[in-house]
Amino acid sequence: MFGHVASFELRYQLKSPVLWITFGLFFLLTFLSVVISEIQIGSGGNSHVNGPYAIVNTIGVMAIFAQFVVVAFVANVVLRDWETGFGPILHATRITKFDYLFGQFTGAVFASIIVLASVPLAMAIGSFMPWLDKETLGPFVPWYYIYGFLVAGLPTLLLCSSLFFALATATRSMMGSYIGLVVFLVVYLVVSSLFARPEYEDLVALLEPYGLGALFETTKYWTAAERNSELMPITLQYIENRAIWGGVALLALTGAYFLFSFSTKAASKQKKERKGAVAEAPSPVTVAGVTKRSFSGGAAWTQVLARARFEAAYVFSGPAFIVLLAIGLFNGGGAMWFSTESVDGTVLYPTTLLMVQALAGGFTLFPIIIATYYAGELVWRDREKRVHDLVDATPAPDWTFATPKILALTLVLAGTIAIGVAAGVIVQLAKGGAPIHLDEYLVWYALPALIS
Amino acid sequence: MLQIQNLTHRYPNGVVALDDVSLEIGAGMFGLLGPNGAGKSTLMRVVATLQTPTSGKVRFGDIDVVANPELLRRTLGYLPQDFGVYPRVSAESMLDHLAVLKGIVNAKERREAVHGLLNQVNLWSVRKKALSGYSGGMRQRFGIAQALLGQPKLVIVDEPTAGLDPEERNRFLNLLAAIGDDVVVILSTHIVEDVAQLCSNMAILAGGKVVRQGAPEELRQSMQGQVWRASIAREDLEAVRQRYSVISERLLGGRTMVHVLSPAQPSGEFAPVEGGLEDVYFSTLAAARAA
Ligand SMILES: Nc1ncnc2c1ncn2[C@@H]1O[C@H](COP(=O)(O)OP(=O)(O)OP(=O)(O)O)[C@@H](O)[C@H]1O
Ligand SMILES: [Mg+2]
């Protein structure tokens, strides 16, 4: 039964466009980082693009990014039956809670493995591109990719899927799970920057959730030649680190198991008695046509504004918006944070212009992706969710349907950019020492981005 | 076979949806009638182990349903009042999946069961199509098919005929009638006629209470000689309502046909009618409201 549920889940996820879009995205990003030397993932330095160091490093970093996808998969498992209303049919069969929950979980984990597998695949294929400088290449060793996937990729996937599976079970909301992930990442970044001093090195390596610190600890003083020919060994510290986080993951899964139930509970007996239908007297009868209705131009504007608010609220609370924004902030925030460290090691002031540059490089793309995505989404959503019959049948003129969507998109775009600016201000505040010029953000970043 | 004792269910928002309900349901078809919000779906979900009741007992054969839901699920077929489906999954593969979950592990038996049901609910020609593209009635038929998978001993179907066209409704009623004499089938509906045609026993639920139960035919017999009808003009309606206990009013050719309950002929304009199950239903509800 367990195997069947897992394979059904995997087959279901394999049909989902999200899986293949993210597979393609990860493949492309990795591929470009291999074949174009200006694009780098992690810090390859001057080691071979297909050497063990670069491979393990890239897989480790991409696995951290992959968390945004993993959350979508595992939360979907928990929420789908709840949201579609198909759950009662499944819960009334003889499947056990264990097989149901963990079978689906396993299927979703395999789906995330497939997505992350695009990374070693893209690196391997990229390394065969004919135009690559032979100087930057070593021999093709398949084991490097497998090793990297097993030690730097898979553990992160398993940890992340367990944690957010539990969180989705507890919150019953996609949004809640994503907020959890963002909080987790922010805490991770803040804590690791606070402890980024030599005396804490061992502690960080032991406790850091992705185990990359422990893994790369031994390579710190490696020469380029060593980086190109030797795999980082599995140290005791790495094993301890994985054991700690493996324990956390198991704990989360156990929690999810106990939180979840096929049958919903009734209210406790003590609660105040209240009779449902009987209590209220019926309202006085209204004859049809008594409510005033207006079909004038003024009414149309009220409708436009009402709908723009509705559409914008829809986008802001949608999972795709949150995923894209989170990835964007992760990328842009990182760019801003490290923009104060120049190449030669000197530390710069976090001036507004520096932030704007970093935002433009690391974040600009995301508002555009979000806007494009929702341009399609807003048009098709009504149709898909079957509300369009209700909406189309209302007497609002047609143009009141297109205008609010455009308004809403502009609002979303502006909101996204504002969030980027807010992140910039936060970075400046955190680093301190430079004046914050909101007007410069506006003139140099927000306006150009919005207009484009 | 199915015993429901003193079942009470209170939702977290304080609504008491079931109020001390007791029922004995034997093999065969059992109809649950009741107005919107009466508690039919709540009762069915509790019996189908999807909700734990606030208090009370449910037994099926020797299974204590509240204590051992997993035992009941082995012999249960359940159709919820409404349900959604996964996108991109065909009726056939969803049914196959559900068949495994219901314990039909042998691949050959499973294929036979799935194909048989797809034929019986007349979805054979569209079995490869995604469920999300089905019409409302087609989806309902898929729901019926999954409820009958695996030869359940207890079948609970919540408004199964809602949304079916007359032909499909007949097909479904025949399908239900044919599932076997040793199976307990509980169906809820708003269509009194379904119960009259199909059920050997029934109960009327109102405001979370059982207000009437028995065999449809006996209930109908008990009303004989007490139902009278008259065709009256609209303006006289209010006066009739005041004077007699009106069971039902129906428009007929611009005038109103009223049925009233009375031990003797109310007045010259009233003629006796043979009371139908609908009269039983309406008079019971009227009495429950008055109480
Ligand atoms: N999940 C819920 N939370 C709170 N109250 C609920 C819930 N589900 C139902 N109720 C309330 O319980 C009462 C009975 O509802 P139920 O769905 O059982 O009625 P029903 O007889 O099936 O009605 P219908 O004919 O409309 O399907 C109603 O007053 C309803 O408002
Ligand atoms: Mg109902």
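All values derive from a computational prediction rather than experimental measurement. (Residues numbered from 1 in each chain as written. Chains lettered and ligands numbered in written order. Predicted model: local features only at pLDDT ≥ 70, side-chain atom pairs only at ≥ 80, totals over all residues. Heavy atoms only, no water.)

1. Here's the deal with the packing of helix H2 (residues 17-35) of chain A against helix H5 (residues 97-126) of chain A
Residue and element names in this part refer to chain A. The condition is simple: All axes here are fitted lines through C-alpha atoms, helices being fitted over the stretch that makes contact, and every angle between N-to-C directions spans 0 to 180 degrees. Where helices and strands are cited, they refer to DSSP runs of H or I of at least four residues and of E of at least two residues respectively, numbered from the N terminus. With respect to orientation, any angle under 35 degrees is reported as roughly parallel, any angle over 145 as roughly antiparallel, any angle of 65 to 115 as roughly perpendicular, and every other angle as oblique. Should the near helix be turned anticlockwise from the far one by less than a right angle, the crossing is left-handed, and should it be turned clockwise, the crossing is right-handed. Pairs of residues are marked as contacts when any of their non-hydrogen atoms sit within 4.5 Å. Amino acids are sorted into nonpolar (Ala, Val, Leu, Ile, Met, Phe, Trp, Tyr, Cys and Pro), charged (Asp, Glu, Lys and Arg) and polar (every other residue, Gly among them).
Axis separation between H2 and H5 bottoms out at 8 Å; the angle between their running directions is 25°. As far as their axial angle goes, H5 and H2 are roughly parallel. In this structure, the crossing between H2 and H5 has a hand that is right-handed. Judged by residue contacts, Leu-19, Thr-22, Phe-23, Phe-26, Phe-27, Thr-30, Phe-31, Val-34 and Val-35 of H2 engage Ala-111, Ile-114, Val-115, Ser-118, Val-119, Leu-121, Ala-122, Met-123, Ile-125 and Gly-126 from H5. When its residues are assigned to classes, the contact of H2 with H5 shows 15 nonpolar, four polar and no charged.

2. Observations concerning the coordination of the magnesium ion (ligand 2)
Residue and element names in this part refer to chain B. Basically, it comes down to this: Water is not part of the atom set, so a site may look incomplete; the donors themselves are N, O and S atoms within 2.8 Å of the metal, or 3.2 Å for Na, K and Ca. Three exposure classes are used, based on accessible area relative to the maximum for each residue type with a 1.4 Å probe and protein chains only: buried under 20%, partly exposed in between, and exposed over 50%.
Here the magnesium ion (ligand 2) is held by Ser-41 (OG) and Gln-81 (OE1), and the distances to it run 1.9 to 2.1 Å. Of this pair, Ser-41 sits in helix H1 (residues 40-47) while Gln-81 sits in the loop between strand E7 (76-79) and helix H3 (91-101), and the two are 40 residues apart along the sequence. A relative accessible area of 13% means that Ser-41 is categorised as buried. Exposure remark for Gln-81: the relative accessible area of 36% places this residue in the partly exposed category.

3. Remarks on a nonpolar patch on the surface
Using the following cut-off: Note on patches: the residues involved have over 30% relative accessible area and no salt bridge, like charges join within 9 Å, and the nonpolar side chains Val, Leu, Ile, Met, Phe, Trp and Tyr join within 5 Å. Accessible areas in this description were obtained via Shrake-Rupley with a 1.4 Å probe; residue shielding takes into account the shown protein chains only. For salt bridges, the criterion is a side-chain nitrogen of Lys or Arg within 4 Å of an Asp or Glu carboxyl oxygen.
On the surface, Met-175, Ile-179, Val-183, Val-187 and Val-191 of chain A cluster together to form a nonpolar patch covering roughly 390 Å² of accessible area. Checked against the element boundaries, Met-175 of chain A lands in helix H7 (residues 174-194).

4. Quick word on the domain arrangement of chain B
Defined as follows: Segmentation of the chain into domains, including their bounds, is taken from an automatic or database domain assignment.
Splitting chain B by domain gives domain 1 (2-216) and domain 2 (225-273). The C-alpha-based centres of domain 1 of chain B and domain 2 of chain B are spaced at 37 Å.

5. Let's talk about the pattern of salt bridges
Counted under the stated rule, the structure contains 15 salt bridges over all chains. Taking the shortest distance from any N to any O, the salt bridge between Arg-80 of chain A and Glu-9 of chain A comes out at 2.7 Å. Of this pair, Arg-80 of chain A sits in helix H3 (residues 52-84) while Glu-9 of chain A is found in helix H1 (residues 2-14), placing the two residues 71 residues apart along the sequence. Of the two residues, Arg-80 of chain A and Glu-9 of chain A, both sit in the buried class. Residues Glu-112 of chain B and Lys-108 of chain B are paired through a salt bridge, measuring 3.5 Å at the closest nitrogen-oxygen approach. With Glu-112 of chain B and Lys-108 of chain B both in helix H4 (residues 107-120) and four residues apart, this pair spans about one turn of that helix. Lys-108 of chain B sits in the exposed class, given a relative accessible area of 52%. Linked through salt bridges whose partners overlap, the residues forming this network are Glu-92, Arg-127 and Lys-128 of chain B.

6. With respect to the sheet that holds strand E11 (residues 209-214) of chain B
All names here are of chain B. Quick reminder of the rule: DSSP calls a pair of strands paired once it identifies at least 2 bridges connecting them.
Taken together, six strands build an open sheet; the order of strands is E7-E8-E9-E3-E10-E11 and the sheet is mixed. The open sheet has two edge strands, E7 and E11, and neither has a second partner. Sheet twist, expressed as the average angle between the axes of neighbouring strands with direction ignored, equals 15°. Here strand E3 (residues 28-33) runs beside strand E10 (residues 201-206); their pairing, made up of four bridges, is parallel. Bridging from a neighbouring strand, Leu-33 pairs with Ile-204 of E10. Here H1 sits on the sheet and contacts E3, E7, strand E8 (154-158), strand E9 (184-189) and E10; the angle it forms with E8, its principal contact strand, is near 150°.

7. Observations regarding the site of ligand 1
Residues and elements named next belong to chain B. The condition is simple: Nearness here has a simple test: a residue counts as near a molecule or strand if at least one of its heavy atoms is within 4 Å of that partner. Whenever two N or O atoms come within 3.5 Å, that pair is a polar contact, provided that in protein one can donate a hydrogen and the other can accept it, and provided that, for residues adjacent in sequence, both atoms are side-chain atoms.
Contacts to ligand 1 come from 16 residues, most closely from Gly-37, Lys-40, Ser-41, Thr-42 and His-190. Thr-42 places a side-chain nitrogen or oxygen 2.5 Å from an oxygen atom of ligand 1. Relative to its unbound accessible surface of 640 Å², ligand 1 loses 68% to contact with the protein. No other element matches the four residues that H1 contributes to the shell around ligand 1.

8. What about the confidence of the model for chain A?
Residues and elements named next belong to chain A. The condition is simple: Confidence of the prediction at every residue is given by pLDDT, a number between 0 and 100.
Mean pLDDT over chain A: 78, with 77% of residues reaching 70 or higher. In the model, residues 271-279 has pLDDT below 50 throughout and makes 14 contacts with residues more than four positions away in sequence or in other chains. Below a pLDDT of 50 lies the segment residues 383-388, which in the model reaches six contacts outside its immediate sequence neighbourhood of four places, other chains included.

9. Re the interface of chain B and chain A
Interface size is commonly expressed as the accessible area that is lost once the parts come together. Spelled out, the test is: By buried area we mean the combined loss of accessible area, with a 1.4 Å probe, across both parts when two parts are placed together.
The interface of chain B with chain A comprises 41 residues on the first partner and 36 residues on the second. Note on chain B versus chain A: buried area summed over both sides is about 3600 Å², and carbon and sulfur give 60% of it. Linking chain B with chain A are zero salt bridges, by the criterion used here. On inspection of chain B and its partner chain A, the count reaches ten residue pairs in polar contact (both at pLDDT 80 or more). Residue assignment for the side of chain B that touches chain A shows that the elements contributing at least two residues are strand E1 (2-10), strand E2 (16-25), strand E4 (51-52), E7, H3 and helix H5 (136-148) of chain B. Ranked by the residues each element gives to the side of chain B that touches chain A, the list is headed by H3 of chain B, at six residues. A per-class count over the side of chain B that touches chain A returns 19 nonpolar, 13 polar and nine charged. Sheet topology places strand E1 (residues 264-265) of chain A next to E4 of chain B; two bridges connect them, and they run parallel. Bridge pairing in E4 of chain B links Lys-265 of chain A to Thr-52 of chain B.

10. With respect to the confidence of the model for chain B
Across chain B, the average pLDDT comes to 90, with 100% of residues at 70 or higher. Across the predicted assembly, pTM comes out at 0.76 and ipTM at 0.83.

11. Some remarks on the sheet that holds strand E6 (residues 63-64) of chain B
Residues and elements named next belong to chain B. Spatially, E2-E1-E5-E6 is the arrangement adopted by the four strands of the open sheet, whose pairing is antiparallel. Of all the strands in the sheet, just E2 and E6 have a single pairing partner and so form its edges. Relative to E6, strand E5 (residues 55-60) runs antiparallel, the two being bridged by two bridges. Paired with Phe-60 across the strands is Ile-63, a residue of E6. Running over the sheet, H1 touches E1, E2 and E5 and is turned about 120° from E1.

12. As for the environment of Ala-313 of chain A
Secondary-structure assignment places Ala-313 of chain A in helix H12 (residues 297-317). C-alpha separation for the pair Ala-313 of chain A and Asp-133 of chain A, spaced 180 residues apart in sequence, amounts to 50 Å.

13. Some remarks on H1 of chain A
Note the following rule: Expected span, for any helix, means 1.5 Å times one less than how many residues it has.
Between its terminal C-alpha atoms H1 of chain A stretches 18 Å, which fits the 18 Å expected from 13 residues at 1.5 Å a residue. Of the residues making up H1 of chain A, those classed as buried are His-4, Val-5, Ala-6, Phe-8, Glu-9, Tyr-12 and Gln-13 of chain A. Along its buried surface, H1 of chain A packs onto H2, H3 and H5 of chain A together with H3 of chain B.

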